[in-house]
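# Structural characterization, general
Each chain, written out:
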Amino acid sequence: MVEQQWLDNVHTAEGTVLHERVHAGRSESRGARVILRGVHLRSLELGISGVADCIELTRSPKGVAIPSLEGTWAVHLVEYKHGKVRLETEYEVQLCAQAMCLEHLWSCAIPMGDIYYGSDRRRKQVSFSLELRGLVVQGCQALHELLRAHSLPMPGKRSKCRECSMREVCLPGHLKQSTVYMSELLQVAQGSEADEEDS
Ligand code: SF4
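Definitions and limits used
- Residues numbered from 1 in each chain as written.
- Predicted model: local features only at pLDDT ≥ 70, side-chain atom pairs only at ≥ 80, totals over all residues.
- Heavy atoms only, no water.
- Near = heavy atom within 4 Å.
- Nonpolar A, V, L, I, M, F, W, Y, C, P; charged D, E, K, R; others polar.
- Domains from an automatic or database assignment.
- Contact = heavy atoms within 4.5 Å.
- Buried area = accessible area lost by both parts, 1.4 Å probe.
- Salt bridge = Lys/Arg side-chain N within 4 Å of Asp/Glu carboxyl O.
- Pairing = 2+ DSSP bridges.
- Helix = DSSP H or I, 4+ residues; strand = E, 2+ residues; numbered from the N terminus.
- Expected span 1.5 Å × (residues − 1).
- Buried < 20%, exposed > 50% of the residue type's maximum accessible area, 1.4 Å probe, protein only.
- Arc of directions from axis to C-beta.

### With respect to the site of the ligand
- Taken together, G156, R158, C161, C164, R167, C170 and P172 make up all the residues around the ligand.
- In terms of residue class, the shell around the ligand is made up of 4 nonpolar, 1 polar and 2 charged.

Right under this line is the structure:
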């Protein structure tokens, strides 16, 4: 986002295809159940916007009023991910951020949601705890600080870097080497200047 850089690899391409398929699905209404797909969300409080893959609404007396629907509804979010079921805190933070956007927009409380993993065709339930909500707030604050300062975060060197599409521009683990390289280059330049002065 800071440098407007993006690269795709097979993983991001598969994810894009999955999301396009989900968003292309039509919203449905089946009696006491309504399914909305590809819903645009934003939160002025958090300063973020995005698209929810799927919002499931179930008619409930304890639910909330939803714009353009009659009655009251319980709200449940589902985020689609390709691959097998696994623990990815980033995915849980992303889903919780969607819930917090929707809570601000619809003045409702959303206690939990699901991540659906395409390879396993299984859902993993995510509880929107205070701790997870805290991570969303911290993440948004950190993001805005980076954007304000036009400053790149330090590239970490983690196991997931191996499969990351941004590896070629992020160069994780090379920071020390490039710093050494720059310092050597500076020494060479200073040495050349000194030689010119001597001659
Ligand atoms: S630090 Fe690793 S995972 Fe993060 S963007 Fe760079 S290469 Fe990708």
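There's more to say after this.
### Side note on the domain arrangement of the protein
- We note that the domain assignment places domain 1 (10-153) and domain 2 (158-199) within the protein.
- Relative to domain 2, the C-alpha centre of domain 1 lies at a distance of 41 Å.
- Of the residues lining the interface, 4 residues belong to domain 1; the matching set on domain 2 comes to 4 residues.
- Interface area for domain 1 against domain 2, summed over the two sides, is near 270 Å², with a carbon-plus-sulfur share of 30%.
- Together, H11, T12 and E90 form the three largest contributors to the area buried by domain 1 at its contact with domain 2, with a combined 87%.
- The interface formed by domain 1 and domain 2 includes 2 salt bridges.
- For E90, the salt bridge identified is with K160, shortest N-O distance 2.9 Å.

### Quick look at the pairing of strand β5 (residues 112-117)
- With 5 bridges connecting them, strand β4 (residues 72-81) and β5 associate as parallel partners. The residue of β5 that forms the bridge with V78 is D114.
- Bridge count for β5 against strand β6 (residues 122-127) is 6 bridges, and the pairing is antiparallel. Residue Y116 lies in a different strand from β6, and its bridge partner there is R123.

### What to know about helix α3 (residues 130-149)
- Between the first and last C-alpha of α3 there are 29 Å, a value that for 20 residues agrees with the 28 Å anticipated at 1.5 Å per step.
- L132, R133, V136 and C140 are the residues of α3 that are buried. An end-on view of α3 places all buried positions within 105° of arc, on one side of the element. Residues of α3 that are exposed and angled more than 90 degrees away from the buried face: L130, E131, Q138, E145 and A149.
- Buried residues along α3 sit in contact with β3 (48-65), α2 (89-106) and β6.
- H150 lies just past α3 and shows a positive phi near 50°.

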